[in-house]
Amino acid sequence: MSENSIDHLVKMANQIAAGVPVAGTEAKVDGTASHINKFWTPLMKQQISDFVSRGGEGLTPVAAEAVARLSN
Amino acid sequence: MLQYYEPEKDFGTPPSLATETVGLMIDGVAVDVPVGTSVMRAASEVGIKIPKLCATDSLEAFGSCRMCMVEIQGRKGYPASCTTPAEEGMVVNTQTDKVAGLRRNVMELYISDHPLDCLTCPTNGNCELQDTAGEVGLREVRYGYEGNNHLDAEKDQSNPYFTFDPSKCIVCSRCVRACEETQGTFALTIDGRGFESKVSPSQNEDFMASECVSCGACVAACPTATLTENTIINLGQPEHSVITTCAYCGVGCAFKAEMRGNTVVNMTPWKDGKANEGHACVKGRFAFGYATHQDRITSPMIRDSIDDPWQEVSWDEAFGFAADRLRETQQKYGPNSIGGISSSRCTNEEVWLVQKMVRAGFGNNNIDTCARVCHSPTGYGLKTTLGESAGTQSFASVAKSDVIIVMGANPTDAHPVFASRLKKRLREGAKLIVVDPRKIQLVDAPHVKADFHLQVRPGTNVAFINAMAHVIVTEGLEAKAFIAERCETPTYDQWAAFIGDKQQSPEATESITGIPAADVREAARLFATGGNGAIYYGLGVTEHSQGSTTVMGIANLAMLTGNIGREGVGVNPLRGQNNVQGSCDMGSFPHELPGYRHISDGETRGTFERDWNVSLDAEPGLRIPNMFDAAIDGDFKGLYCHGEDIAQSDPNTHHVEAALSSLDCLIVQDLFLNETAKFAHVFLPGSSFLEKDGTFTNAERRISPVRQAMPPQAGLADWEATMGLAKALGVDMHYDHPSEIMDEIARLTPTFTGVSYDRLDELGSIQWPCNEANPDGTPTMHIDEFVRGKGFFAVTEFTPTDERATRKFPLLLTTGRILSQYNVGAQTRRTENNSWHDEDILEIHPHDAEERGIKDGDWGGIQSRVGDTVLRVKVSENVQPGVVYTTFHHPFSGANVVTTDNSDWATNCPEYKVTAVQVSKVVAPSSWQDRQKKFNEQQLELLKGAKRRDETARQPG
Ligand code: SF4
Ligand code: SF4
Ligand code: SF4
Ligand code: FES
């Protein structure tokens with residue numbers, strides 16, 4: 001996939017992490033993971049998970065943690 | 001519901017809403033009517049028609065013509081029945097020798113100054129003056145035409161849709177009152193007195209130059225041929241009519257399509273239509289000519305590559321070609337390499353079929369709808385907080401509101417018929433808070449003035465809505481009992497702690513939003529304490545990177561003040577296109593089955609699998625912007641685009657064009673060769689709303705019938721075309737009529753269980769949920785309980801958008817709409833509506849213009865980080881310094897070449913409302929515009945080729 005597309009996914013994940021409408025880090029991580037799960041295609045989830053396993057540079061801590069939870 | 005043409009019954013004066021009744025005798029018939037009913041209406045209720053001229057039941061009685069005189073026992077004189085309220089025990093005589101004589105005299109005076117050209121008059125056969133002359137038995141006119149008269153008065157033909165012929169005017173003021181009471185524009189006055197008096201638009205201007213917005217209310221109200229539709233003048237009176245629903249905006253006005261054979265003669269707003277109650281706007285009322293425009297494409301076409309000329313083929317060939325290409329694509333690139341986009345302009349039944357074809361035929365969930373780019377945040381935000389992805393009220397509810405917030409919406413332009421209701425309530429004294437970066441018309445309209453205009457900086461809505469809630473919570477103005485009873489306590493407590501923090505206060509957010517803290521405080525107090533509070537919002541709320549958050553903030557505010565679950569209050573998204581609500585309801589989103597049920601929910605999926613006899617993918621599919629990314633990556637290669645012009649309407653045109661160009665198979669179904677179709681390999685001609693049966697669902701969740709008035713120009717209605725393609729793909733799909741599709745919708749969607757075409761015929765329209773619990777539908781939602789059970793207060797943290805003004809791009813561009821044009825303009829640009837707006841204009845504040853040496857009428861180059869375009873400039877104080885504004889109704893404007901693909905965090909709804917730009921004075925179009933022009937010419941050439949070949953083929957021998 002192109003760099004442009006992975007940039008988009010990273011940006012989307014970060015936006016979700018900032019936007020989930022709950023208070024507290026734990027709830028945000030949970031909310032982000034479940035949002036991604038609910039709305040992303042399997043390929044997109046795969047791509048972001050692979051990206052995290054390669055270091056996940058550019059993801060905010062909440063987003064990175066949420067993505068890590070996806071693959072579990 | 002085909003009917004012979006007959007003007008609707010006119011009761012003379014509006015109904016009284018009182019519950020108490022009075023009993024009286026009219027011509028020996030006993031009548032019971034609500035207190036406040038006029039004698040005229042009471043008579044009409046029992047079938048006694050009193051002659052009248054100045055009265056009509058859409059307007060308050062005026063009492064000027066004296067035609068409706070009656071005798072009332074025990075009363076002196078001959079009171080006007082239209083202005084006399086019925087009283088208990090009254091005995092009325094509507095026809096005595098005396099009143100008959102008096103009426104005849106009055107009529108004689110009118111006719112002595114009226115041309116006697118009835119046979120050649122356009123309203124011959126539908127003229128109240130003529131009918132009334134007949135009713136009163138006028139047989140002679142003793143006063144000749146030698147005296148002063150108005151017979152030579154000049155016609156005003158400036159308006160493209162109606163003609164004003166003052167020689168026929170009887171100065172009954174119905175037009176003036178319609179413009180005031182029904183439309184709320186106050187464009188007309190009666191100028192002069194006595195014999196000199198005449199109807200005049202604004203300050204003796206012609207209609208086009210006046211404030212008139214061409215709604216047609218005066219034309220509908222005029223009892224003579226003075227104000228007449230040009231179509232009636234040109235074509236004659238209709239002979240039958242079909243009741244249907246406007247295909248433009250989300251108000252969903254009901255119309256009578258009045259016909260001669262298969263030709264529409266007139267679109268008359270239907271009095272019994274509950275969304276509009278007999279009113280309309282210039283789009284629905286007059287702009288229907290696009291349906292028969294010469295640009296309509298009426299034959300299916302195919303081509304191998306977008307550089308080839310189009311080839312006209314039969315429907316079956318087109319279906320076969322498309323299906324083969326889609327299957328080949330899937331074989332080559334995998335099952336998920338194709339998808340579909342449905343449109344909010346299409347009927348519920350069509351949208352249902354498109355998502356069914358994608359899920360059952362393509363075998364994936366790559367289905368999305370254009371609601372993605374407008375109101376997807378509404379769906380997400382309201383579902384999260386209240387439990388249902390829909391507005392909570394009927395439009396009529398605004399008549400009971402006391403404080404109204406209009407946020408990021410411009411109802412007088414985008415939802416005109418709702419705006420008329422709103423203005424009526426404001427004239428009665430309700431308070432208005434406008435939240436908008438631009439000075440929209442409601443801020444200062446005739447007889448309407450906003451109590452607050454909070455000029456929020458684009459991109460900072462969340463900070464504003466939080467500040468409102470902060471004031472209410474910290475000043476103890478919240479609806480404590482409502483919150484305790486109706487909302488989740490733990491989440492409320494968490495939220496209250498968040499919102500009570502000083503960070504959310506108006507003082508702390510003033511530098512972000514640009515709104516003076518004191519104004520926010522006052523506005524918040526007014527909303528919390530001013531009685532019934534209602535919030536109406538539009539795309540200025542949703543089309544932001546925090547669109548969903550603002551929607552949730554709005555729902556929070558409504559719950560916080562207890563403004564939900566009864567009439568006069570609520571959260572009311574004003575939907576852009578006619579069927580935004582419906583297309584979302586019908587499962588057009590890639591993660592959701594119809595009725596907003598997640599695709600991973602095995603039980604729901606199972607119901608569909610059994611009904612459709614297929615197995616469905618449990619994973620969400622691609623959203624539109626993800627489709628574009630995947631196309632550019634080479635993973636997504638085939639797209640069926642149904643009634644939606646993504647090349648013009650979606651943001652970042654360069655990106656969209658790159659995506660479309662990389663598809664192996666693009667199938668477009670539309671009325672015209674739109675911008676997207678220029679990249680297509682298969683074109684399936686669409687049918688206009690006049691050519692098919694179906695239903696639309698408006699912003700009030702009202703399902704209204706769309707009925708066929710003329711045969712489809714291309715032979716198949718859209719639902720038949722989709723069915724044809726689906727069958728070619730091997731999907732087991734057969735319907736003889738759209739009513740059978742609705743039966744399937746009802747069978748599989750719990751909120752639609754009680755909906756059927758028979759019930760729609762019976763009730764006129766139905767607001768969902770309509771099921772066992774609510775057999776006649778649900779006008780107001782969340783009455784005793786939220787759909788999700790307890791209301792959820794969402795924590796709405798403000799995150800600034802990436803689109804921030806910088807040194808390089810110091811201005812914020814925001815986009816909007818104009819009354820006369822609709823969306824990408826494909827329809828309205830092909831009507832006389834262009835007389836009002838034939839190009840998109842960039843509005844810029846005088847200060848910013850001066851700094852750049854730009855004057856009114858100059859060309860302005862607009863540059864963002866993704867592209868640039870050129871528009872003509874209007875220097876205007878409607879925008880604040882630092883903000884520029886335009887519309888995107890014309891393809892060559894390229895407004896979306898400039899907008900970026902920054903989008904809402906939850907739904908990917910594009911942030912059309914905020915783009916950081918620079919504006920400079922230029923002399924030539926942008927390079928994109930040049931390229932676009934060439935590409936367009938080339939594509940039209942390729943289209944002409946197709947037509948020529950067809951003509952040759954049709955030559956005999
Ligand atoms: S068309 Fe509408 S706005 Fe124009 S004068 Fe008539 S009522 Fe008023
Ligand atoms: S234009 Fe028609 S409605 Fe208006 S005053 Fe004249 S006759 Fe009456
Ligand atoms: S465009 Fe909207 S307001 Fe105008 S007639 Fe149609 S539905 Fe009604
Ligand atoms: S209809 Fe009653 S006074 Fe004109």
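Coordinates for the structure precede this section.
Description of the structure in this document. (Residues numbered from 1 in each chain as written. Chains lettered and ligands numbered in written order. Predicted model: local features only at pLDDT ≥ 70, side-chain atom pairs only at ≥ 80, totals over all residues. Heavy atoms only, no water.)

**As for the nonpolar core**
All names here are of chain B.
Turning to step 1, where the next piece is worked out: Within the largest apolar cluster, 68 residues are counted, with the highest numbers of intra-cluster contacts made by Leu-227, Ile-404, Leu-432 and Leu-690.
Turning to step 2, where the next piece is worked out: Looking at this core element by element, the count peaks at 4 residues for helix α12 (residues 416-427).
Turning to step 3, where the next piece is worked out: Contact partners of Leu-227, with chain neighbours within four places excluded, come to Phe-162, Thr-163, Phe-164, Cys-175, Phe-207, Cys-218, Val-219 and Cys-222.
Turning to step 4, where the next piece is worked out: One finds Ile-338, Trp-352, Met-357 and Ala-726 within the second-largest nonpolar core, a separate group that totals 62 residues. (Core = buried A, V, L, I, M, F, W, Y, C linked by side-chain atoms within 4.5 Å. Buried < 20%, exposed > 50% of the residue type's maximum accessible area, 1.4 Å probe, protein only. Helix = DSSP H or I, 4+ residues; strand = E, 2+ residues; numbered from the N terminus. Contact = heavy atoms within 4.5 Å.)

**Some points on the packing of helix α10 (residues 376-385) of chain B against helix α19 (residues 547-560) of chain B**
Residue and element names in this part refer to chain B.
Turning to step 1, where the next piece is worked out: Where α10 contacts α19, the two axes come as close as 8 Å, and the packing angle between them is 40°. Looking at the two axes, α10 sits oblique to α19. Crossing handedness for the pair α10 and α19: right-handed. Mapping the contact onto sequence places Pro-377, Thr-378, Tyr-380, Gly-381, Leu-382, Thr-384 and Thr-385 in α10 and Gly-547, Ser-548, Val-551, Met-552, Ala-555, Asn-556 and Met-559 in α19.
Turning to step 2, where the next piece is worked out: The residue makeup of the contact of α10 with α19, split by class, is 7 nonpolar, 7 polar and no charged. (Axes fitted to C-alpha atoms, helices over the stretch in contact; angles between N-to-C directions. Parallel < 35°, antiparallel > 145°, perpendicular 65-115°, else oblique. Left-handed = near helix turned anticlockwise from the far one by under 90°. Nonpolar A, V, L, I, M, F, W, Y, C, P; charged D, E, K, R; others polar.)

**Quick look at the side chain of Thr815(B)**
All names here are of chain B.
Turning to step 1, where the next piece is worked out: Mapped onto the fold, Thr-815 is located in strand β32 (residues 811-816).
Turning to step 2, where the next piece is worked out: Accessibility expressed as a relative area gives 3% for Thr-815, which makes it buried.
Turning to step 3, where the next piece is worked out: A polar side-chain atom of Thr-815 sits 3.3 Å from the main-chain carbonyl oxygen of Tyr-912.
Turning to step 4, where the next piece is worked out: With sequence-adjacent residues up to four places away left out, Thr-815 is seen in contact with Tyr-885, Thr-886, Phe-888, Tyr-912 and Lys-913. (Polar contact = N/O pair within 3.5 Å; in protein donor to acceptor, adjacent residues only side chain to side chain.)

**Quick look at the side chain of Gln355(B)**
Turning to step 1, where the next piece is worked out: Looking at the secondary structure, you find Gln355(B) in helix α9 (residues 348-362).
Turning to step 2, where the next piece is worked out: The contact partners of Gln355(B), leaving out residues within four places of it in the chain, are Ile367(B), Met586(B), Gly587(B), Pro594(B) and Trp612(B).

**Describing the environment of Leu729(B)**
Residue and element names in this part refer to chain B.
Turning to step 1, where the next piece is worked out: Mapped onto the fold, Leu-729 is located in the loop between α25 (718-728) and α26 (738-748).
Turning to step 2, where the next piece is worked out: When the C-alpha positions of Leu-729 and Pro-85 are compared, they lie 67 Å apart, and in sequence the two are 644 residues distant.
Turning to step 3, where the next piece is worked out: The residues contacting Leu-729, other than those within four sequence positions of it, are Ala-323, Leu-326, Arg-327, Met-357 and Phe-362.

**Some points on the pattern of salt bridges**
Residue and element names in this part refer to chain B.
Turning to step 1, where the next piece is worked out: The final tally for this structure, using the stated rule, is 45 salt bridges over all chains.
Turning to step 2, where the next piece is worked out: Between Lys-49 and Glu-135 there is a salt bridge, with the nearest N and O atoms lying 2.7 Å from each other. With Lys-49 in the loop between α1 (39-45) and β4 (71-72) and Glu-135 in helix α3 (residues 128-136), this residue pair connects regions lying 86 residues apart in the sequence.
Turning to step 3, where the next piece is worked out: A relative accessible area of 53% places Lys-49 in the exposed class.
Turning to step 4, where the next piece is worked out: For the salt bridge of Lys-271 with Asp-57, the shortest nitrogen-to-oxygen distance reads 3.0 Å. Here the residue Lys-271 occupies a position in the loop between β12 (263-269) and α7 (282-286), and Asp-57 occupies one in the loop between α1 and β4, the gap between them amounting to 214 residues.
Turning to step 5, where the next piece is worked out: Taking the relative accessible area as the measure of exposure, Lys-271 reaches 31% and is therefore partly exposed. (Salt bridge = Lys/Arg side-chain N within 4 Å of Asp/Glu carboxyl O.)

Read these as spatial facts, not as claims about activity.
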